[in-house]
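Structural overview for review
Okay, here's what each chain looks like letter by letter:
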Amino acid sequence: MKKLFLLISFFSIVANAQTARGVKIGYIDMEYILEKVPDYADAMNQLEQKAQKWKQEIEIKRNEITALKDNLKTERVLLTKELIEEREEEIAYLDKELLDYQEKRFGPKGDLIIQKSVLVKPIQDQIFTIIQDVAEQRKYDFVFDRASDLTMLFADKKHNISDFVVRKLTSAQKREEMSKKQLKALEAKEALEESVADNPAVEERQRILDEKKAAREKVIAERQKAIEDKKAAAAEKRKKLIEERDAKKNGTVIEKESTEEINDLFPEDTEKKEETNKSEETTGEKKLTPEETRQKAIDDRNKKIEERKKALEEKKKKIAEEREAAKKAKEQKTETEKKE
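Figured I'd write up the structure that's included with this text. All values derive from a computational prediction rather than experimental measurement. (Residues numbered from 1 in each chain as written. Predicted model: local features only at pLDDT ≥ 70, side-chain atom pairs only at ≥ 80, totals over all residues. Heavy atoms only, no water.)

Moving on, we come to the overall build of the protein chain. When its secondary structure is counted, the protein chain shows eleven helices and two strands. The order of helices and strands in the protein chain, counted from the N terminus, is α-β-α-α-α-α-β-α-α-α-α-α-α. Taking all 340 residues of the protein chain together, 18% fall into the buried category. Look at the contacts in the protein chain between residues 6 or more apart in sequence, and 70% of them connect residues 24 or more apart. (Helix = DSSP H or I, 4+ residues; strand = E, 2+ residues; numbered from the N terminus. Buried < 20%, exposed > 50% of the residue type's maximum accessible area, 1.4 Å probe, protein only. Contact = heavy atoms within 4.5 Å.)

Moving on to the side chain of Arg 105. On the secondary structure map, Arg 105 appears in helix α4 (residues 81-106). Ignoring any residue separated from it by four or fewer positions in sequence, one finds Arg 105 in contact with Trp 54, Glu 57, Gly 110, Asp 111 and Leu 112.

Turning our eyes to something else, we now look at the packing of aromatic side chains. Applying the stated criterion across every chain, the model contains two aromatic pairs. Between Trp 54 and Phe 106 the ring centres are 6.1 Å apart and the planes differ by 80°, which places this aromatic pair in the edge-to-face class. Of this pair, Trp 54 sits in helix α3 (residues 38-75) while Phe 106 sits in helix α4, and the two are 52 residues apart along the sequence. Judged by its relative accessible area of 30%, Phe 106 is partly exposed. Over the aromatic face of Tyr 140 sits the side chain of Lys 24, whose NZ or CZ is 4.9 Å from the ring centroid. One residue, Lys 61, lies across the ring of Tyr 101, its end atom 5.7 Å from the ring centre. (Phe/Tyr/Trp six-rings, centres within 6.5 Å; stacked < 30°, edge-to-face > 60°. Lys NZ or Arg CZ within 6 Å of the ring centre and 35° of its normal.)

With that settled, consider the packing of α3 against helix α5 (residues 111-138). Two numbers describe how α3 lies on α5: the axes approach to 10 Å, and their chain directions differ by 170°. In terms of their interaxial angle, α3 and α5 are classed as roughly antiparallel. For the pair formed by α3 and α5, the contact residues are Asp 39, Tyr 40, Ala 43, Met 44, Gln 46, Leu 47, Lys 50, Ala 51 and Trp 54 on the first element and Asp 111, Leu 112, Gln 115, Lys 116, Leu 119, Val 120 and Ile 123 on the second. Considered class by class, the residues forming the contact of α3 with α5 number ten nonpolar, two polar and four charged. (Axes fitted to C-alpha atoms, helices over the stretch in contact; angles between N-to-C directions. Parallel < 35°, antiparallel > 145°, perpendicular 65-115°, else oblique. Nonpolar A, V, L, I, M, F, W, Y, C, P; charged D, E, K, R; others polar.)

This part covers the environment of Val 166. Among the secondary structure elements, Val 166 is positioned in helix α6 (residues 162-175). Since its relative accessible area comes to 14%, Val 166 is described here as buried. Through-space distance from the C-alpha of Val 166 to that of Ile 33 is 6.0 Å; in sequence the pair is 133 residues apart. With residues near it in sequence (within four places) discarded, Val 166 still touches Tyr 32, Ile 33 and Lys 36.

On the surface, Glu 82, Glu 85, Glu 86, Glu 89 and Glu 90 cluster together into a negatively charged patch. Judged by relative accessible area, which is 57%, Glu 89 ranks as exposed. (Patch = residues over 30% accessible without salt bridge, like charges linked within 9 Å, V, L, I, M, F, W, Y side chains within 5 Å. Areas by Shrake-Rupley, 256 points an atom, 1.4 Å probe, with all protein chains shown as cover. Salt bridge = Lys/Arg side-chain N within 4 Å of Asp/Glu carboxyl O. Lys, Arg positive; Asp, Glu negative; His and termini not counted. Charge placed at Lys NZ, Arg CZ, Asp CG, Glu CD.)

Turning next to the side chain of Asp 111. On the secondary structure map, Asp 111 appears in helix α5. What Asp 111 contacts, discounting residues up to four positions off in sequence, is Trp 54, Lys 104 and Arg 105.

This is the structure we're talking about:
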């Protein structure tokens, strides 16, 4: 309660000061900033690997002590008092040694804390330096850390400069690899961001423009996708229709497209078909389809071939009969001449 009361009193004083002379306050989230720094993630991975190795060593020692205790419990009835005391002293010594090792590795002043300080402190120092630069550039009177022990009951997001600090930190790391021209472009960009950040009205207008731009790009992307989908569907329908026509020419059968799909692909054929239907309604005669016309032509050709075969057979038969009649007449004439 005392800490909370002091905190409220502090913010009340700051608020009054801000009202009186325009005090500017900002805050950061150190945990959020550290998560965005690649070097911090690498340092934490190294530290975690070491911690896992130490935990495995502790577990091995603990298992060895447990095995000694189990053996003593099993063999106690067979041992003398002196041997029992000797083993108990050994186990007690190993227990104390294990506790000392745990304290050495994971205690308040242990290796884990020391290693973390060694690995993380340079990164934190770099972040603190950038925070000081940002505070001076933006003329902040106070910059708080939301992730610290200081409890923040409320904080407006517009006072959060964590993302700006991350950008500064990232650009500082990139500067080492940039050319003079790239550095100049980066400085101009940062100057523009500074001018926008210092003017809330400009920042709000820029935010609205960015939202409108994002919405416009989304609509354009959706329309483009719809056009691409329609083109793909039309291409697929045309491909199937061509395959169907080729199959009909080759005498094979494939699944037919629906009339509606064909009409959609070839509206000119639909108009011709409608004109044909109107003509059929007027004359009362039904016009054959291309398939029916082709089949009718085949039937007519077959019929003519059959008729020609039949005529040829009749002609052969007639010739054979005439030959037979001529032969008989000749034989009769020969017999008559012999009789005479």
